[in-house]
Amino acid sequence: MPRASTLRIARLAALALVLIVIIYKVTNPSSLTTLSRAAGYHEKLASSPGPEQKAPVTSGDKPAAPAKEEVKSEEKPAVDAKTPVDEGKDYIRANATFVTLARNQDIWSLVKSIRHVEDRFNRKYHYDWVFLNDDDFDDNFKEITSSLISGNVKYGKIPKEHWGYPDWIDQEKAAEVREQMRQKQIIYGDSISYRHMCRFESGFFFQQELMKAYKYYWRVEPDIILHCDVDYDVFKYMEKNGYDYGFTLSLYEYIDTIPTLWNSVKKFIKEHPEHIAENNLMKWLSEDNGITYNRCHFWSNFEIGNLDFWRSKAYGDFFEFLDHEGGFFYERWGDAPVHSIAAGLLLPKDKVHFFDDIGYWHVPFTSCPTNKADRLKLKCSCNPTDNFVWKGYSCTPRYYDVMEMKRPSEWHQQS
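Scoring rules and cut-offs
Residues numbered from 1 in each chain as written. Predicted model: local features only at pLDDT ≥ 70, side-chain atom pairs only at ≥ 80, totals over all residues. Heavy atoms only, no water. Salt bridge = Lys/Arg side-chain N within 4 Å of Asp/Glu carboxyl O. Buried < 20%, exposed > 50% of the residue type's maximum accessible area, 1.4 Å probe, protein only. Pairing = 2+ DSSP bridges. Helix = DSSP H or I, 4+ residues; strand = E, 2+ residues; numbered from the N terminus. Axes fitted to C-alpha atoms, helices over the stretch in contact; angles between N-to-C directions. Parallel < 35°, antiparallel > 145°, perpendicular 65-115°, else oblique. Contact = heavy atoms within 4.5 Å. Nonpolar A, V, L, I, M, F, W, Y, C, P; charged D, E, K, R; others polar.

**A look at the pattern of salt bridges**
Thinking step 1. Enumeration over the complete set of coordinates arrives at 15 salt bridges.
Thinking step 2. Of the charged contacts in the structure, one is a salt bridge between R219 and E221, with a shortest N-O distance of 2.7 Å.
Thinking step 3. Its relative accessible area of 6% is what places R219 among the buried residues.
Thinking step 4. Beyond isolated ion pairs, a larger network of salt bridges with shared partners links E201, R219, E221 and D335.

See the structure below:
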């Protein structure tokens, strides 16, 4: 066949094929969607930005940062599930805040803490932050902290009656005790301000005017590190599960700072048996059913809790009793053992929660998720060999035993 005839036939065949495709598209509109998906066009449209969505604002003057639209699932998670929740226009936060006791000179140590909390957690949820000081915060402190925080920021000055000696304290006797502790080189033993801080954290932080608007709090101190992403709303987790106190680290207290604390606690138990919860954590606090104190306490520089517990009559009576015993000044009672004993005795043990998935550091101890799979999932930066949770001076293994909890599979590698 001549070459010209062959080319003519080929052109006619191509034209016929084009006509067939056009007729097919017209009569089958759904094929357009299929073709566009194959070309990646559908995914491109889905990723295009829509109208800006604003995250909700709970209170205060500073609005929360813009947020992405939340994609909701029809299936509701179980109450116990730590389900990641993204921010969105319909997201409703718990009634909660971060709280930090600080002074103006703490600013650069505090900046690190804020960045860790914001980057690992709060950039997704935009919770408020309350700063408390026994003096006025200066403009520099306010300007820097407010620029770093995605939620509303509030600054409060502690009233003098919450930061000083109560009327019943013999200040000469208190001074003698401080000198004795200085000679024994007991940490913070000669510090007046440290004692005011411990008493304030024990009995007054939850009474501050700015704190009255909230139900839950997360305590943050200068120079801390969050080693892992916190990819769920811990406040809602506390609320849904009915927890009143949460911790990451526990250890033994220095006995020289609390020589008579347990004697005072036993007197309180005798006078107020109505406040002692059934099924409490006495077995965690004592190895002889309350005769002596084993010195176990939750490290309170990190704690997430329910403010209603501290505001309860049970805790109010407990703090008032201890305050009149004078041990905050005649010894060096810390807020950590005070909080821990209160949570251990005044709450049922199922109200206390160990955050095993929050990687945390405060000099000199580290809490690091025990299992490798968890550390990888949460993008942790901690070295598992530094994990204090399973070391000999930690009280958390005892907590696991008292709570009858199964230990993580890799715990023995870090003991």
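**So, the sheet that holds strand β4 (residues 216–219)**
Adjacent strands of a sheet pair through backbone hydrogen bonds, lying either parallel or antiparallel.
Thinking step 1. Strand order in the open sheet formed by seven strands is β3-β2-β1-β4-β9-β6-β10, and the pairing between neighbours is mixed. Strand pairing shows two members of the sheet lacking a second neighbour, β3 (153–157) and β10 (352–354), which therefore form its edges. When strand polarity is set aside, the average angle formed by the axes of neighbouring strands in this sheet is 20°.
Thinking step 2. One ladder, built from four bridges, connects strand β1 (residues 96–101) with β4; its direction is parallel. Considered in β4, the bridge of A96 is made with Y216.

**Notes on the packing of helix α7 (residues 192–203) against helix α12 (residues 313–325)**
Thinking step 1. Two elements in contact, α7 and α12, have axes whose closest approach is 10 Å; the angle formed by their N-to-C orientations is 155°. When the interaxial angle is binned, α7 and α12 end up roughly antiparallel. Residues R199, S202 and G203 of α7 pack against Y315, F319 and D323 of α12.
Thinking step 2. Its residues assigned to classes, the contact of α7 with α12 comprises two nonpolar, two polar and two charged.

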